[in-house]
Amino acid sequence: MPFIHTYLPQATPPTERDAVVQAIHQALVDGIGMPQDELFNMVTAYAPGQFAFSRSFNGVVRSNGVVVVEITLRRGRSDAMKRALYAGIAGNLEAMAHVSPADVFIFMHENDYSDWSVGHGRFAMQLVQQVGAPG
């Protein structure tokens, strides 16, 4: 169960915000085989002046519309899977939410089952994973 934290400009309209969430989610489903019902994405809007960033770091030209995606999940994905996931997120954000790939930052934080509690205050590994009901 990946947990996503997405930061985007405060001026992002609700429909585009929702498209950003869905674009990231679909990339996780397609890229790492995450079940469709494992949608956990905390969205934080930042106001002008709250996020200082280089507009040219690493030779990439950025706009005011930078979207930052932090992914926390269990360790175990190969570098190839991560590369494909990052490309999938950037591609989906461009296609579904009109976010330039140059404006996409992605950070991955990996940990183990013992680092999670997703209900009842128990280790995640103590809970039997159940697929949620559709819709």
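Rules and cut-offs
- Residues numbered from 1 in each chain as written.
- Predicted model: local features only at pLDDT ≥ 70, side-chain atom pairs only at ≥ 80, totals over all residues.
- Heavy atoms only, no water.
- Helix = DSSP H or I, 4+ residues; strand = E, 2+ residues; numbered from the N terminus.
- Expected span 1.5 Å × (residues − 1).
- Buried < 20%, exposed > 50% of the residue type's maximum accessible area, 1.4 Å probe, protein only.
- Arc of directions from axis to C-beta.
- Contact = heavy atoms within 4.5 Å.
- Phe/Tyr/Trp six-rings, centres within 6.5 Å; stacked < 30°, edge-to-face > 60°.
- Pairing = 2+ DSSP bridges.
- Axes fitted to C-alpha atoms, helices over the stretch in contact; angles between N-to-C directions.
- pLDDT = per-residue confidence, 0-100.
- Salt bridge = Lys/Arg side-chain N within 4 Å of Asp/Glu carboxyl O.

Quick look at helix α2 (residues 79–97)
Point 1. Over its 19 residues, α2 extends 26 Å from the first C-alpha to the last, a length consistent with the 27 Å expected when each residue adds 1.5 Å.
Point 2. Buried within α2 we find Lys 82, Leu 85, Ile 89, Ala 90, Asn 92, Leu 93 and Ala 97. End-on view of α2: buried residues confined to an arc of 165 degrees, all on one side of the axis. Along α2, the residues that are exposed and aim more than 90 degrees away from the buried face are Arg 83, Ala 87 and Ala 95.
Point 3. Structurally, α2 contributes buried residues whose contacts are with α1 (14–32), β3 (67–74) and β4 (104–111).
Point 4. Positive backbone phi, approximately 60 degrees, marks His 98, located one or two places after α2.

Comments concerning unusual backbone geometry
Point 1. If you check the backbone angles, Asn 58 has positive phi at about 65 degrees while not being a glycine.
Point 2. Given a relative accessible area of 67%, Asn 58 falls into the exposed group.
Point 3. In this model, His 98 sits at a positive phi of 60 degrees, which is unusual for a non-glycine residue.
Point 4. Tracing the backbone through its elements, the reader meets His 98 in the loop between α2 and β4.

Let's talk about the packing of aromatic side chains
Point 1. With the rule as written, the count across this model stands at 3 aromatic pairs.
Point 2. Ring geometry for Tyr 46 and Phe 51: centres 5.3 Å apart, planes at 80 degrees, overall edge-to-face.
Point 3. Look at Tyr 46 and you get buried, because its relative accessible area is 11%.
Point 4. Exposure remark for Phe 51: the relative accessible area of 27% places this residue in the partly exposed category.
Point 5. Seen in terms of ring centroids, Phe 105 and Phe 107 are 6.2 Å apart; in terms of plane orientation they differ by 50 degrees. Their pairing is tilted.
Point 6. By the ring-pair criterion, three or more aromatic residues cluster together here, those being Tyr 46, Phe 51 and Phe 53.

Considerations on the sheet that holds β3
Point 1. The strand order across the open sheet formed by 4 strands is β2-β1-β3-β4, and the pairing between neighbours is mixed. The strands lining the two open edges of the sheet, one partner per strand, are β2 (41–46) and β4. Each neighbouring strand pair of the sheet contributes to a mean axis angle of 15 degrees, computed without reference to strand direction.
Point 2. Alignment of strand β1 (residues 3–9) against β3, held across 5 bridges, turns out to be antiparallel. Residue pairing across strands places Phe 3 opposite Thr 72, the latter belonging to β3.
Point 3. Strands in contact with α1 are β1, β2 and β3; relative to β1, the strand with the most contacts, it is inclined by about 145 degrees.
Point 4. Sheet contacts for α2: β3 and β4; angle to β4, the most-contacted strand, approximately 140 degrees.

Focus on the confidence of the model for the chain
Point 1. A residue-level look at the chain finds 91% of positions with pLDDT of 70 or above and a mean pLDDT of 90.
Point 2. Ranking the elements of the chain by mean pLDDT puts β4 last, at 95, and β2 first, at 98.

Digging into the pattern of salt bridges
Point 1. Taken as a whole, this structure holds 3 salt bridges when the rule is applied.
Point 2. Ionic pairing is found between Arg 17 and Asp 18, a salt bridge with its closest N-O pair at 3.4 Å.
Point 3. Taking relative accessible area as the criterion, Asp 18 reaches 41% and is therefore assigned partly exposed.
Point 4. Across the pair Arg 75 and Asp 112 runs a salt bridge whose closest N-O atoms are separated by 3.1 Å. Of this pair, Arg 75 sits in the loop between β3 and α2 while Asp 112 sits in the segment after β4; the two residues are 37 residues apart in sequence, bridging distant segments of the chain.
Point 5. The partly exposed category is assigned to Asp 112, whose relative accessible area is 35%.

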